[in-house]
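Report on the structure
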Amino acid sequence: DSFFVTITMLGDLLPMTALCLVVCAILAIARKWDSLAFFATNVILAVVCVQALKFIFAVPRPGAETLVPGSFSFPSAHSFCSLIVFGMIGLLIFRALNRKGVSYNVAIVPGIILVIFAILIGISRIYVGVHWPSDVLGGWLLAGMWLPFASALYTVGARKVVLSKAAEEQPEQ
């Protein structure tokens, strides 16, 4: 019990906010403004989106006595937001390692570990009895659609910046 309670608490608002602020600070110190904008924008949009969806669907939580009074169940914000946050951190780590010449098979390992941790957070929400399995699955599916789309936009944007910088650096003929 204590394992899953601890895991579910790590997906709570305060620890996730602290993690996001640390990531934003690291990106700001490194002057990775595009990565900072990508990360912060996606986190803010994800939180707004999942809260809006909760009110649209208004699914009650399981059981008469819930550990989370006054909030709806579908989709699971813990499942959705943890997968978004950890998925984006994994992407940022992957890109940083890849730029340093680390092989794909090695660079992807931190992202896989982070996604597994996000999956554990979702499972813990069912285990502690605050979500139906469909809530968690819904959160994961939404994040699973969100992440590739956001990552593609980020990658295309980064390529445009690189190409425009390369074009500026070429001498005129």
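Scroll up to find the structure this text is about.
Residues numbered from 1 in each chain as written. Predicted model: local features only at pLDDT ≥ 70, side-chain atom pairs only at ≥ 80, totals over all residues. Heavy atoms only, no water.

A few points about the overall build of the protein chain
Quick note on the threshold: Note on conventions: DSSP H or I runs of at least 4 residues are helices, E runs of at least 2 residues are strands, and numbering of each starts at the N terminus. A 1.4 Å probe rolled over the protein chains alone gives each residue an accessible area, and that area as a share of the maximum for its type sets the label: buried under 20%, exposed over 50%, partly exposed in between. Contacts are assigned to residue pairs that have any heavy atoms within 4.5 Å of one another. Surface exposure here means Shrake-Rupley accessible area, sampled with a 1.4 Å probe, where a residue is shielded only by the protein chains that are shown.
Within the protein chain one finds seven helices and zero strands. Counting all 173 residues of the protein chain, 36% fall into the buried class. Partitioning the intrachain contacts of the protein chain with sequence separation of at least 6 by distance along the chain shows that 72% fall at a separation of at least 24. When the accessible surface of the protein chain is summed, it comes to about 10300 Å², and 74% of that surface belongs to carbon and sulfur atoms.

With respect to the packing of aromatic side chains
Each pair of aromatic rings is reported with the distance of its centres and the angle of its planes. So the rule is basically this: Side-chain rings of Phe, Tyr and Trp (the six-membered ring for Trp) are treated as a pair once their centres are within 6.5 Å; stacked means planes under 30 degrees apart, edge-to-face means over 60, and tilted covers the remaining angles.
With the rule as written, the count across this model stands at seven aromatic pairs. Ring centres 5.5 Å apart and planes at 80° place the aromatic pair phenylalanine 94 and tyrosine 104 in the edge-to-face group. One end of the pair, phenylalanine 94, is in helix 4 (residues 77-99); the other, tyrosine 104, is in helix 5 (residues 104-107), with ten residues separating them in the sequence. In this structure phenylalanine 94 comes out as buried when scored by relative accessible area, which is 18%. Feature note: the residues Phe3, Phe4 and Tyr127 constitute an aromatic cluster, connected by ring pairs.

Re helix 4
Short version of the rule: Every helix has an expected span of 1.5 Å times one less than the residues it contains.
Taking 1.5 Å per residue as the helical rise, helix 4 with its 23 residues ought to reach 33 Å, and the 32 Å between its terminal C-alpha atoms agrees with that figure. Burial within helix 4 is extensive, with 18 of its 23 residues counted as buried. Phi turns positive one or two residues past the end of helix 4, at glycine 101, with a value near 90°.

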